[in-house]
Amino acid sequence: MELSNTDEIAGREITETLGVVRGNTVRARNIGRDITQGLRNVVGGELKGYTELMSDAREEALARMEAEAEELGADAVVNVRFVTSDIAQSGAELLAYGTAVELD
């Protein structure tokens, strides 16, 4: 499965548009991570625990989007985008979406 954040795949022709596909996940922070990241926030620097949490969420959302595209028989997903939103006080949703296409 090829993924692109542009509207085409270089060197390939899109022969059919199969529709919008998406994958999402909601991740919650945990109290241990909140404490250590809260301390990091006081002294400054990257909040590595949260970076890892969001990176894992992106990978899960992408995998779910790809699975939906494969169910449609897609060869690729173009115009891939991510959206993140807060869910309650301790969680965030990460959504990956794009257009599933067939290639020649």
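This is a predicted model, so every value here is computed, not measured. (Residues numbered from 1 in each chain as written. Predicted model: local features only at pLDDT ≥ 70, side-chain atom pairs only at ≥ 80, totals over all residues. Heavy atoms only, no water.)

Brief notes about the overall build of the protein
The helix and strand inventory of the protein stands at two helices and four strands. Sequence-ordered secondary structure for the protein, helices as α and strands as β, is β-β-α-α-β-β. The proportion of buried residues among the 104 residues of the protein is 26%. When contacts within the protein are restricted to residue pairs at least 6 apart in sequence, those whose partners lie at least 24 apart make up 72%. (Helix = DSSP H or I, 4+ residues; strand = E, 2+ residues; numbered from the N terminus. Buried < 20%, exposed > 50% of the residue type's maximum accessible area, 1.4 Å probe, protein only. Contact = heavy atoms within 4.5 Å.)

As for the nonpolar core
With twelve residues, the main nonpolar core is built from Val 21, Ala 57, Ala 61, Leu 62, Met 65, Ala 69, Ala 74, Val 77, Val 80, Leu 94, Ala 96 and Ala 100. At five residues, helix α2 (residues 48-71) tops the list of elements feeding residues into this core. Among all residues touching Ala 74, those that are not within four sequence positions of it are Met 1, Leu 18, Ala 69, Ala 100 and Val 101. Ala 76, Val 78, Val 101 and Leu 103 belong to the second-largest nonpolar core, a separate cluster that totals five residues. (Core = buried A, V, L, I, M, F, W, Y, C linked by side-chain atoms within 4.5 Å.)

Comments concerning the side chain of Thr 25
Within the secondary structure, Thr 25 is located in strand β2 (residues 14-28). Engagement of the side chain of Thr 25 in a polar contact is seen with the side chain of Arg 27, the distance being 3.3 Å. (Polar contact = N/O pair within 3.5 Å; in protein donor to acceptor, adjacent residues only side chain to side chain.)

So, the pairing of strand β3 (residues 76-87)
Pairing geometry for strand β1 (residues 2-3) and β3, over two bridges, is parallel. By the bridge assignment for β3, Glu 2 is matched with Ala 76. Bridge count between β3 and strand β4 (residues 91-103): ten bridges; the pairing is antiparallel. Its bridge partner lying in β4, Ile 87 is registered against Gly 91. In textbook terms, the turn of a hairpin is the stretch between consecutive antiparallel strands, and for β3 and β4 this stretch comprises three residues, one of which, Ala 88, has a positive phi near 60 degrees. (Pairing = 2+ DSSP bridges.)

Focus: α2
Helix length check: α2 (24 residues) gives 35 Å between terminal C-alpha atoms against 34 Å at 1.5 Å per residue, within 8%. Every buried residue of α2 is accounted for by Gly 49, Leu 53, Ala 57, Ala 61, Leu 62, Met 65 and Ala 69. (Expected span 1.5 Å × (residues − 1).)

Description of the pairing of β4
Relative to β4, β2 runs antiparallel, the two sharing 13 bridges. Counted as the bridge partner of Val 20 is Thr 99 from β4.

Description of unusual backbone geometry
Backbone geometry at Asn 79 places phi at a positive 55 degrees, although glycine is not the residue there. As for its position among the elements, Asn 79 is in strand β3.

Here we look at the environment of Ala 92
Looking at the element boundaries, Ala 92 is found in strand β4. Separated by 67 residues in sequence, Ala 92 and Thr 25 place their C-alpha atoms 8.3 Å apart. Ignoring any residue separated from it by four or fewer positions in sequence, one finds Ala 92 in contact with Thr 25, Val 26, Arg 27, Thr 84, Ser 85, Asp 86 and Ile 87.

Regarding the sheet that holds β3
Read from one edge of the open sheet, four strands run β1-β3-β4-β2, paired in mixed fashion. Looking at strand neighbours, the two that pair on one side only are β1 and β2, the edges of this open sheet. Across the sheet, α2 touches β1, β2, β3 and β4, and the angle it forms with β2 is around 145 degrees. (Axes fitted to C-alpha atoms, helices over the stretch in contact; angles between N-to-C directions.)

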